[in-house]
Amino acid sequence: MERIYNNNNNDFEKEDAYLRAEKRLKALKGFYSHAFFYVIINLFLIGMIAFNSGADFWHFGTFSTAFFWGIGLAFHAMGVFGKNAMFSKSWEERKIQEYMKNDQTKWE
């Protein structure tokens, strides 16, 4: 008798979901390590400049590394969290419901 394997599509979906979650976790870890090193290194650089420069601290060169690296970090965040990280559709829907509820209580 020949054995028939039941390759359930659900198994593939679970494995695919696991691989997507694992990829998302790696992206999050990459972003958080990027942000950690951004803070540590820029604090060190600005501290060294402040310690060694005396009164000549407030110029663009002091903060240029933090500024340009910050732009890169912002693009990394957009890549990991998406363009609508702060103002997602669910956030918009919650705010609409909140405003509708507030308006309703004013008119009753």
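Being a predicted model, the structure only gives us computed values, none of them experimental. (Residues numbered from 1 in each chain as written. Predicted model: local features only at pLDDT ≥ 70, side-chain atom pairs only at ≥ 80, totals over all residues. Heavy atoms only, no water.)

Peer 1: Quick one: what's the story with the overall build of the protein, residue by residue and with numbers?
Peer 2: For the protein, the helix and strand inventory stands at three helices and zero strands. Expressed as a percentage of its 108 residues, the buried residues of the protein come to 13%. For the protein, the share of sequence-separated contacts (at least 6 apart) that also reach a separation of at least 24 residues comes to 66%. Accessible surface for the protein amounts to roughly 9700 Å². Of this, 64% is attributable to carbon and sulfur atoms. (Helix = DSSP H or I, 4+ residues; strand = E, 2+ residues; numbered from the N terminus. Buried < 20%, exposed > 50% of the residue type's maximum accessible area, 1.4 Å probe, protein only. Contact = heavy atoms within 4.5 Å. Areas by Shrake-Rupley, 256 points an atom, 1.4 Å probe, with all protein chains shown as cover.)

Peer 1: If you had to explain the pattern of salt bridges to someone new, which residues and values would you point to?
Peer 2: For the coordinates displayed, the defined rule picks out two salt bridges. Its salt-bridge partner being K95, residue E98 comes within 3.2 Å of it at the nearest N-O pair. Of the two residues, E98 and K95 both sit in helix 3 (residues 89–107), three residues apart, roughly one turn of that helix. Judged by relative accessible area, E98 falls into the partly exposed class, the value being 37%. (Salt bridge = Lys/Arg side-chain N within 4 Å of Asp/Glu carboxyl O.)

Peer 1: Give a description of the nonpolar core that names residues and reports values.
Peer 2: Counting eight residues, the largest nonpolar core consists of L28, F31, A35, Y38, A66, L73, A77 and V80. Every element with two or more residues in this core is listed here: helix 1 (9–53) and helix 2 (60–81). The residues touching L28, leaving out its near neighbours within four places in the chain, are V80 and F81. (Core = buried A, V, L, I, M, F, W, Y, C linked by side-chain atoms within 4.5 Å.)

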